[in-house]
Amino acid sequence: MTDTLLHAATPGPAASGKISRPMLHQTVTDRLRTMIVEAVLPPGARLNERELCESLGISRTPLREAIKVLAAESLVEILPNRGAMVARMTEEDIRQTFELMSGLEAFGGELACERITARELAEIEALHEEMLACRARRDLPAYYSRNHAIHDRISQAARNPALRQIYVSINLRLQALRFRSNFQEAKWDHAIQDHIQMIEALRARDGKRLSAILRQHLLDKRDAVLGTMGDERGA
């Protein structure tokens, strides 16, 4: 596919290099999570403890603790007597989970428009500008980190702890798929236009508009992911 970003799965700064001791446990978990999101460790990949320990410069104990955390997040499957592997989602799982997330983000966006502060809006606007700069230099990992932060800040601005808890839990399962939904240029540019409209709706405190934009944005992500899976099967 000519418009596929060939460097899209290149690990970002957080996905390579050895880890310093003071931040060990949380950093190992974050590093592995990033490697999964950026498809350095793709769905179905076995987690080779020896190789990971060597590349990250750690012992097996913090690695195994991190794997347990990621298993609790449904990002990793621990197989009895066979180690661990990156979790796979079926097409039906993907369809249903994106549909759920579209509703969560839509409701969160509506509440955020009612409750967001000027400072929070300014922070989201700054992230948006950084995200556009990342797009201009075709840096997908950096783009995605800002993109993820924008959605997360909108969720926080909703100020609904129950909604927030569900959002965080479900979104962990979708991060890798949301990342890969931008592998094609046209879909990436479409996502940019969605984000421009999101910022406009937030500035106007137009909850109904932001809700509709977010709902469709997530459904488009679902369709992009399922379409890519279909293309891969065909190839």
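Computed from a predicted structure; not experimentally measured. (Residues numbered from 1 in each chain as written. Predicted model: local features only at pLDDT ≥ 70, side-chain atom pairs only at ≥ 80, totals over all residues. Heavy atoms only, no water.)

Student: What exactly am I supposed to notice about the pairing of strand β1 (residues 76-79) here?
Tutor: Taken residue by residue, a regular strand's side chains alternate between the two faces of the sheet. Note: β1 against strand β2 (residues 83-86), four bridges, orientation antiparallel. Bridging from a neighbouring strand, E77 pairs with M85 of β2. (Pairing = 2+ DSSP bridges. Helix = DSSP H or I, 4+ residues; strand = E, 2+ residues; numbered from the N terminus.)

Student: Even after reading the chapter, I still don't get the packing of aromatic side chains, so can you show me in this structure?
Tutor: Aromatic ring pairs are described here by two measures, namely the spacing of the ring centres and the angle between the planes. Per the stated rule, a full pass over the model turns up three aromatic pairs. Between F179 and F183 the ring centres are 5.9 Å apart and the planes differ by 85°, which places this aromatic pair in the edge-to-face class. Accessibility assignment for this pair places F179 and F183 in one class, buried. Members of the aromatic cluster, each reached through a chain of ring pairs, are Y144, F179 and F183. It is R135 that lies over the ring of W188; its NZ or CZ is 4.2 Å from the centre. (Phe/Tyr/Trp six-rings, centres within 6.5 Å; stacked < 30°, edge-to-face > 60°. Buried < 20%, exposed > 50% of the residue type's maximum accessible area, 1.4 Å probe, protein only. Lys NZ or Arg CZ within 6 Å of the ring centre and 35° of its normal.)

Student: Got a minute to help me understand unusual backbone geometry in this structure?
Tutor: One can expect most non-glycine residues to show negative phi and most peptide bonds to be in trans. Phi is positive for R138, close to 60°, though the residue is something other than glycine. Among the secondary structure elements, R138 is positioned in the loop between α5 (118-136) and α6 (140-157). The class of R138 is partly exposed, set by a relative accessible area of 36%. The phi torsion at R205 lies on the positive side, around 55°, for a residue other than glycine.

Student: Hey, could you run me through helix α2 (residues 49-56) in this one?
Tutor: Along an α-helix, residues three or four positions apart point the same way, because every turn accommodates 3.6 residues. Where α2 is concerned, the buried positions are E49, L52, C53 and L56. Buried residues in α2, looked at end-on, bunch into an arc of 100°, giving them a common side. Those residues of α2 that are buried lie in contact with α1 (24-37) and α3 (60-72). Its side-chain oxygen placed 3.1 Å from the backbone nitrogen of R50, N48 serves as the N-cap of α2. Of the residues trailing α2, G57 is marked for its positive phi of about 70°. (Arc of directions from axis to C-beta. Contact = heavy atoms within 4.5 Å. Polar contact = N/O pair within 3.5 Å; in protein donor to acceptor, adjacent residues only side chain to side chain.)

Student: Before we go on, may I ask you to explain the pattern of salt bridges in this structure?
Tutor: Close approach of charged atoms allows side chains with opposite charge to pair. Taken as a whole and judged by the stated rule, the model has 21 salt bridges. Between R146 and E130 there is a salt bridge; the shortest N-O distance is 3.3 Å. Taken together, the residues span a long stretch of sequence, with R146 in helix α6 and E130 in helix α5 at a distance of 16 residues. Among the charged side chains, a salt-bridge network with shared partners connects R135, R138, E185 and D189. (Salt bridge = Lys/Arg side-chain N within 4 Å of Asp/Glu carboxyl O.)

Student: Please explain empty space enclosed by the protein as it appears in this structure.
Tutor: Which parts of space are left empty comes out when a probe the size of a water molecule is rolled across the atoms. Taken as a whole and assessed by the stated rule, the structure comprises one cavity of 30 Å³ or more. In terms of lining, the largest cavity is formed by L104, E105, G108, G109, H151, I154, S155, L163, Y167 and L214. For the lining of the largest cavity, the secondary structure elements donating two or more residues are α4 (91-115), α6 and α7 (161-180). Taken together, the residues of the lining of the largest cavity break down into five nonpolar, four polar and one charged. (1 Å grid on protein atoms, 1.4 Å probe; cavity = no way out; pocket = protein on both sides within 12 Å on 5 of 7 lines; lining within 4 Å. Points joined across faces, edges and corners; volume = space filled by probe spheres on them. Nonpolar A, V, L, I, M, F, W, Y, C, P; charged D, E, K, R; others polar.)

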